[in-house]
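# Report on the structure
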Amino acid sequence: QVLLVESGGGSVQAGGSLRLSCAASGSIFSINIMGWYRQAPGKQRELVASITAGGSTNYADSVKGRFTISRDNAKNTMDLQMNSLRPEDTAIYYCNADGVLRTFRLFSSWGQGTQVTVSS
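Residues numbered from 1 in each chain as written. Predicted model: local features only at pLDDT ≥ 70, side-chain atom pairs only at ≥ 80, totals over all residues. Heavy atoms only, no water.

## Details of the overall build of the protein chain
The line we're drawing: To qualify as a helix, a DSSP run of H or I must reach at least 4 residues; to qualify as a strand, a run of E must reach at least 2; elements of each kind are numbered from the N terminus. The globule rule is 2.2 Å times the number of residues to the power 0.38, and the radius of gyration it is compared with is taken over C-alpha atoms. Residue exposure (1.4 Å probe, protein chains only): buried if accessible area is under 20% of the type maximum, exposed if over 50%, otherwise partly exposed. Throughout, a residue-residue contact means that at least one pair of heavy atoms, one from each residue, lies within 4.5 Å. Note on areas: these come from Shrake-Rupley sampling with a 1.4 Å probe, and a residue is covered only by the protein chains present in the view.
Secondary structure summary: the protein chain contains zero helices and eleven strands in total. Listing each helix as α and each strand as β along the protein chain from the N terminus yields β-β-β-β-β-β-β-β-β-β-β. Over its C-alpha trace the protein chain gives a radius of gyration of 14 Å, about what one expects of a compact globule, namely 14 Å for 120 residues. With the C-alpha coordinates aligned to their principal axes, the bounding extent of the protein chain is approximately 50 × 25 × 20 Å. Taking all 120 residues of the protein chain together, the buried fraction comes to 42%. For the protein chain, contacts bridging at least 24 residues in sequence account for 56% of all contacts bridging at least 6. For the protein chain, the exposed area adds up to about 6300 Å²; of that, 49% sits on carbon and sulfur atoms.

## Description of the pairing of strand β9 (residues 91–101)
The condition is simple: A pair of strands is considered paired only if DSSP assigns at least 2 bridges between the two.
The element β9 is extensively covered by neighbouring structure, given that nine of its eleven residues are classed as buried. Two strands pair when backbone bridges link them, and strand β4 (residues 28–39) and β9 are joined in this way by ten bridges, in the antiparallel orientation. Looking at β9, one finds that isoleucine 33 is bridged to aspartate 98. Pairing of β9 with strand β11 (residues 114–119), which is carried by three bridges, proceeds in the antiparallel orientation. The residue of β11 that forms the bridge with tyrosine 93 is threonine 114. Of the pairings in the sheet, the one linking β9 to strand β10 (residues 106–110) comprises five bridges and is antiparallel in character.

## So, the packing of aromatic side chains
We count it as follows: Centres within 6.5 Å make a pair out of two Phe, Tyr or Trp rings, where for Trp the six-membered ring is used; the pair is then stacked when the planes are under 30 degrees apart, edge-to-face when over 60, and tilted otherwise. In our convention, an over-ring charge means Lys NZ or Arg CZ found within 6 Å of a ring centre and within 35 degrees of that ring's normal.
Tallied over the full model, the rule gives two aromatic pairs. When the ring of tyrosine 37 is compared with that of tryptophan 110, the centres are 4.9 Å apart and the planes differ by 65 degrees; the resulting orientation is edge-to-face. Placement of tyrosine 37 in strand β4 and of tryptophan 110 in strand β10 is noted, with a sequence separation of 73 residues between them. One cation-aromatic arrangement involves arginine 45 over tryptophan 110; the distance from NZ or CZ to the ring centre is 4.7 Å.

## What about the pattern of salt bridges?
Our working rule: Think of a salt bridge as a Lys or Arg side-chain nitrogen and an Asp or Glu carboxyl oxygen that are within 4 Å of each other.
This structure, assessed with the given rule, holds five salt bridges. Two residues, arginine 38 and glutamate 46, come together in a salt bridge whose shortest N-O distance is 2.7 Å. Overall, arginine 38 belongs to the buried group, its relative accessible area being 6%. Residues joined by salt bridges that share partners form a network here, namely Arg38, Glu46, Arg66 and Asp89.

## A short note on the side chain of threonine 114
Basically, it comes down to this: Any pair of N or O atoms that falls within 3.5 Å is considered a polar contact. Within protein, one atom must be able to donate a hydrogen and the other to accept it, and sequence-neighbouring residues count only if both atoms are side-chain atoms.
Within the secondary structure, threonine 114 sits in strand β11. At 3.3 Å, the side chain of threonine 114 and the backbone nitrogen of glycine 9 are in polar contact. Those residues in contact with threonine 114, other than ones at most four positions away along the chain, are Glu6, Gly9, Leu20, Ala91, Ile92 and Tyr93.

Encoded structure:
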């Protein structure tokens, strides 16, 4: 009922930048919180950054000062600007959104993931 589509992944050298985008569509009444998660090979999925509808943000310690999350509530989109990328940032990045459908039921949806590869 809610589709999340990520874009913007790719390969970059250490110190470079990438910008990820996520667009949500479907029978959405409101999105309470959106977030980016990542999963590296052999590791558990972890929260990278999240942002509430009011604009409050939360970052993993490993990305603070390097990544910036933002969203457009009117368009149901979210971006992640990633600067000073490191090889350890290499992972599949997933978009997540939690909110309310037009039927007033809650939802939690995930995107299909986008690969980010940082070479040293």
